[in-house]
Amino acid sequence: MATLSQTKELFRRAEAVCFDVDSTVIREEGIDELAKFCGVGDAVTEMTRKAMGGSMTFKTALNERLSIIRCSREQVNKLITDHPPQLTPGIRELVDSLHQRNVKVFLISGGFRCIVEHVAAQLNIPQHHVYANRLKFYFNGEYAGFDESQPTAESGGKGKVISILKEQYGFKTVVMIGDGATDLEACPPASAFVGFGGNVVRQQVKERSSWYVTSFGELMEELEKI
């Protein structure tokens, strides 16, 4: 694992920075918010807890939670309108600062593209820089499952996306930032990982991160040293 000073240096000279979305870029967990909105919050929260405990694969956990929620297209649209995702303080300034330095910014999420695209638009991140799971609906708008071919639908999917980005763009230095175990696992192939605890602290991530921050201001300070 890189040391604290090595991780900071890799962040300062990164060609691309990839952010997790739920509990990192936004304050909440998208799937839990969707479940609450559809009236099945408690059942899905319990399933999320089991999934985080590692007793089932990510894809199985996602499938089981979505089978409980069974959200329609209309419900998803109404959630975004009535309860738009809340950006974590400081993320807008950090992304703007990275863009000004010509650093490419990507959102890599195990959540849902329809919600993550809304977040990307607020941060001026291009839609083709969004990697997330796609919900599927029948022509009448009823829930029809999710696209299981997306890399983010699998355990280890965030690392797969970073490998794709390195191959596609020729990036040498890619930094992953996130709050969860799936973000930590993406390094390698990410050059460095920064643990984020501004919304929720996951002890294993905190313990295994050479650089762990609780605000995006700490990352801004590092950038300003350039």
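Residues numbered from 1 in each chain as written. Predicted model: local features only at pLDDT ≥ 70, side-chain atom pairs only at ≥ 80, totals over all residues. Heavy atoms only, no water.

S.K.: Honestly, the packing of aromatic side chains in this entry has me stumped. Any pointers?
M.R.: The geometry of an aromatic ring pair is captured by two quantities: the separation of the ring centres and the angle between the planes. Using the criterion set out here, one finds 6 aromatic pairs in the structure. Measuring from centroid to centroid gives 5.0 Å for Tyr-169 and Phe-171, while their planes differ by 10°, and the two rings are stacked. Residue classification places Phe-171 among the buried positions, given a relative accessible area of 9%. Summarising the aromatic geometry, the rings of Phe-196 and Phe-216 are spaced 4.2 Å apart at their centres and angled 10° between planes, so their arrangement reads as stacked. (Phe/Tyr/Trp six-rings, centres within 6.5 Å; stacked < 30°, edge-to-face > 60°. Buried < 20%, exposed > 50% of the residue type's maximum accessible area, 1.4 Å probe, protein only.)

S.K.: Quick question: what am I supposed to make of the packing of helix α1 (residues 4–12) against helix α12 (residues 216–223) here?
M.R.: Relative placement of two packed helices is described by the angle separating their axes and the distance separating the axes. With their axes 9 Å apart at the nearest point, α1 and α12 run at an angle of 75° to one another. Between α1 and α12, the angle is such that the two are roughly perpendicular. Residues Lys-8, Phe-11 and Arg-12 of α1 form the contact with α12, whose participating residues are Leu-219, Glu-222 and Leu-223. Looking at the contact of α1 with α12, its residues break down into 3 nonpolar, no polar and 3 charged. (Axes fitted to C-alpha atoms, helices over the stretch in contact; angles between N-to-C directions. Helix = DSSP H or I, 4+ residues; strand = E, 2+ residues; numbered from the N terminus. Parallel < 35°, antiparallel > 145°, perpendicular 65-115°, else oblique. Contact = heavy atoms within 4.5 Å. Nonpolar A, V, L, I, M, F, W, Y, C, P; charged D, E, K, R; others polar.)

S.K.: Just to check I follow, could you spell out the nonpolar core for this structure?
M.R.: Across soluble globular proteins, nonpolar side chains show a tendency to be buried alongside one another. Membership of the largest hydrophobic core comes to 34 residues, with the highest contact counts inside it found for Phe-11, Phe-19, Val-25, Leu-94, Leu-107, Ile-177 and Leu-219. When sequence neighbours within four positions are dropped, the list of residues in contact with Val-25 reads Phe-19, Asp-20, Gln-86, Leu-87, Thr-88, Ile-91, Leu-107, Val-119 and Leu-123. (Core = buried A, V, L, I, M, F, W, Y, C linked by side-chain atoms within 4.5 Å.)

S.K.: In this structure, what is going on with the UniProt feature "active site" (unreviewed entry) in the protein? I would like to understand it.
M.R.: Those residues carrying the UniProt feature "active site" (unreviewed entry) are Asp-20 and Asp-22 in this numbering. Checked against the lining of the largest cavity, the annotated residues just named reduce to Asp-22. Following the sequence through the fold, Asp-20 ends up in the loop between β1 (16–19) and α2 (21–25). Residues in contact with Asp-20, not counting those within four places in the same chain, are Val-25, Ile-108, Lys-158, Met-176, Ile-177, Gly-178, Asp-179 and Asp-183. (UniProt positions renumbered as here; feature names shortened; annotations may be inferred. 1 Å grid on protein atoms, 1.4 Å probe; cavity = no way out; pocket = protein on both sides within 12 Å on 5 of 7 lines; lining within 4 Å.)

S.K.: What is the right way to read the environment of Val-76 from this model?
M.R.: On the secondary structure map, Val-76 appears in helix α6 (residues 73–82). Sequence separation between Val-76 and Leu-34 is 42 residues; the distance between their C-alpha atoms is 7.3 Å.

S.K.: Would you take a moment to explain helix α7 (residues 91–100) for this structure?
M.R.: Two residues of an α-helix separated by three or four positions point the same way, owing to the 3.6 residues in each turn. By the burial criterion, the buried members of α7 are Ile-91, Leu-94, Val-95, Ser-97 and Leu-98. Buried residues in α7, looked at end-on, bunch into an arc of 160°, giving them a common side. Check the buried side of α7 and you find it contacts α1, β1, α2, β2 (104–112) and α12. Phi for Asn-102, located one or two positions after α7, is positive at around 60°. (Arc of directions from axis to C-beta.)

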